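Chain residues, written in single-letter form:
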Amino acid sequence: GILLPQAIRRGDVVVVIDPKNSKRLKRIVQRACQDYRERDCFLEFHPAFPEVGVRLDFTFNWQKPTEIASRLQSIMPVDAGGAFTAFGWDAVNVVVQGLVSLEERPNLLKLTRYIEGGIEPVLEASLVRLYEARLGAQWRENADLRQLLQQAGRGHLKKPSEVCTPALIAYVCYYEQKLPPHQRDKVIDSQVRVFRHNREHYQKITANLLPILAMLTSGDLGRSLSPDPFDLKDERAIMNFEKIERGGHVLYMCLDALPDPSVASAIGALALADLAARAGMRYNLGAESSHERITLAVDEIANVINLPLIEILNKGAEGGIYSICAMQTLADLAKRLGSQDAARMALGNLNNLIALRTKDRPTQDFVVETLGKTGIHTLRVSMNQGADTHLGDFSTGRSAQIADTMEERVPADILGKLPNLQYFASVSGGRLIKGRFTILNPDFDRKAGPRDRRLQTVPAERPKAA
């Protein structure tokens, strides 16, 4: 709530990914847009209320068609050997390459249709286009092709699937048997390979991909994530990260994770994969492509973290993307990534650390390690005195000992006793800060009148864990 108004006032393009739709945070972002931006730049996306937000196309920006398959691969569940993930990548890539060769823009709905229903429509259109280019306008009059069509019509050619038309099986047989190798096309070769693959086995090897696609294309969500620009009845704006960047917008994405965590995780991971691709595009094209500085804020990072987000944390600053990540405990991150080592690797890419009150011991240990140690000087002084055997005689002694030890700057148990909104921070440059946050009240002047149009800070009654 403190860092986002600063980014908005600075003029950054801001992308907020909020799994739970915090009303206070959303109002702070809206109010900051009203106060510090000259135009209406606030955009909203909510899966449960698609009519109030924008449509997002996560497959719009790419430099190579293989990038789309890589984005979907990043949100697929990881299998032990990686074979099913590789098959899923190949299935998506074959469809994407075919659509691009036909000059059609891929989207999630089309990918779902041709992976689940079959590659046949794309393959038939691709073969027709190839024959027109290789054999001329009268290609249907070719004697060999007409003979194959007659055989297919009589059922003499074996069909690999029920949805395959006699014309298509004839086209494929002519491609495999009659067309010279130098006239063939590698994209069509991949489609023919999928076409000849056993349908039941193909569905098994892509079984981990289809549920993800079904999540992202069901009902109103499908129309929101696979927007149709020719649908005149849908007046919602169609946005993508390049358009958001060029327009200097602020996008607030609610994922609705409480009632539907699986879909929320898939949407957030896909958005991060698209943003990572955009960062790579800015990096490849150089300074002239970096129109704006981008601030990415991810709340409850354990819900959406994936390899693209780690890549953004690792390399995004070079592409102009600066990230803010909020989490509760290290255990949440470890469960998502599979191990404590993976969680620490991800957190190791974050340059600054702000720690509020935390009760989790592994999290406390990580914070204490980050804050480092300091030298503690211990002074021990001892004195003694006593009487001698002769009356009136006595003796006395005094000694001092100084010892230096290295101890944690902030003991772990102190992190569990921090008062509301107080924090320790380790920032770039090695500085250690002890401070206290205030809560921004975006509606302070709703009743009192517009005395001051700036966000006001007020004391908080309850803390927000981070």
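Residues numbered from 1 in each chain as written. Predicted model: local features only at pLDDT ≥ 70, side-chain atom pairs only at ≥ 80, totals over all residues. Heavy atoms only, no water.

**A few points about the overall build of the protein chain**
Selection rule: What counts as a helix is a DSSP run of H or I of at least four residues, what counts as a strand is a run of E of at least two, and both are numbered from the N terminus. Atoms counted for the radius of gyration: C-alpha only. Globule rule: 2.2 Å times the number of residues to the power 0.38. Each residue is assigned to one of three classes by its accessible area relative to the maximum for its type, calculated with a 1.4 Å probe on protein chains only: buried under 20%, partly exposed between the two thresholds, exposed over 50%. Throughout, a contact is declared for two residues whenever any of their heavy atoms are within 4.5 Å. Only the protein chains shown count as cover for residues, with accessible areas throughout obtained via the Shrake-Rupley method and a probe of 1.4 Å. His is not counted here, nor are the chain ends, while Lys and Arg score as positive and Asp and Glu score as negative. To locate a charge, take atom NZ for lysine, CZ for arginine, CG for aspartate or CD for glutamate.
A count of helices and strands for the protein chain gives 19 helices and 14 strands. In summary, the protein chain has a C-alpha radius of gyration of 31 Å against a globular reference of 23 Å for 466 residues, an excess of more than 25%. Dimensions of the protein chain, computed from the C-alpha atoms along their principal axes, are close to 135 × 65 × 40 Å. The burial tally for the protein chain puts 45% of its 466 residues in the buried class. Within the protein chain, contacts between residues at least 6 apart in sequence are counted, and of these 70% link residues at least 24 apart. Of the roughly 24,700 Å² that the protein chain leaves accessible, carbon and sulfur atoms contribute 51%. If you average the places of the 60 positive and of the 55 negative side-chain charges in the protein chain, the two averages end up 2 Å apart.

**Here we look at the packing of aromatic side chains**
Here is the rule: For Phe, Tyr and Trp, rings pair up if their centres lie within 6.5 Å, where Trp contributes its six-membered ring, and each pair is then called stacked (planes under 30 degrees apart), edge-to-face (over 60) or tilted (otherwise). Definition used: whenever NZ (Lys) or CZ (Arg) falls within 6 Å of the ring centre and also within 35 degrees of the ring normal, the charge is taken to sit over that ring.
As enumerated under the stated definition, the model contains six aromatic pairs in all. Both rings, one in Tyr-423 and one in Phe-437, keep their centres 4.3 Å apart while their planes meet at 20°; by these two values the pair is stacked. In this pair, Tyr-423 is assigned in strand E11 (residues 422-427) and Phe-437 in the loop between strand E12 (431-436) and strand E13 (439-441), connecting sequence segments 14 residues apart. Residue class for Tyr-423 comes out buried when judged on its relative accessible area of 13%. Phe-437 gets classed as partly exposed once you look at its relative accessible area, which sits at 21%. Ring-pair connections join several aromatic residues into one group, and the members of that group are Tyr-131, Trp-139, Tyr-171 and Tyr-174. Across from the ring centre of Tyr-322, 3.9 Å away, lies the NZ or CZ of Arg-293, which sits over that ring. The residue whose ring lies beneath Lys-434 is Phe-424, and the NZ or CZ to ring-centre distance is 5.8 Å.

**Remarks on the nonpolar core**
Rules: Each nonpolar core is a collection of buried residues, namely Ala, Val, Leu, Ile, Met, Phe, Trp, Tyr and Cys, held together in the definition by side-chain atoms within 4.5 Å.
Within the largest apolar cluster, 95 residues are counted, with the highest numbers of intra-cluster contacts made by Leu-56, Leu-127, Leu-216, Leu-251, Met-253, Ile-267 and Leu-296. The element best represented in this core is helix H14 (residues 261-285), accounting for ten residues. If you look at the next biggest cluster of nonpolar residues, it comprises 14 residues, including Ile-8, Val-29, Cys-41 and Tyr-252.

**Some points on the pattern of salt bridges**
The condition is simple: One side-chain nitrogen of Lys or Arg within 4 Å of one carboxyl oxygen of Asp or Glu is enough to make a salt bridge.
With the rule as written, the count across this model stands at 24 salt bridges. For the salt bridge of Lys-26 with Glu-44, the shortest nitrogen-to-oxygen distance reads 2.4 Å. Here Lys-26, found in helix H2 (residues 23-36), pairs with Glu-44, found in strand E2 (residues 42-45); they are 18 residues apart in sequence, far enough to count as distant. One salt-bridge network, held together by shared partners, links Lys-64, Glu-67, Arg-71 and Asp-274.

**Overview of the layout of surface pockets**
If you roll a probe as big as a water molecule over the atoms, it shows you where there is empty space left. Using the following cut-off: Of the grid points, spaced at 1 Å and generated over the protein atoms alone, those admitting a 1.4 Å probe that cannot get out make up cavities, while open sets with protein on both sides within 12 Å along at least five of seven lines make up pockets; any residue with an atom within 4 Å of a point is treated as lining. Grid points are joined across faces, edges and corners, and a volume is the space filled by probe spheres set on the points. The residue classification treats Ala, Val, Leu, Ile, Met, Phe, Trp, Tyr, Cys and Pro as nonpolar and Asp, Glu, Lys and Arg as charged. All others, Gly included, are polar.
Roughly 1,000 Å³ of volume is contained in the second largest pocket. Looking at the second largest pocket, it is lined by 38 residues, and the ones nearest its centre are Ser-74, Asn-306, Leu-307, Pro-308 and Glu-311. The biggest single contributor to the lining of the second largest pocket is H14, with eleven residues. When grouped by side-chain class, the residues that make up the lining of the second largest pocket number 21 nonpolar, ten polar and seven charged.

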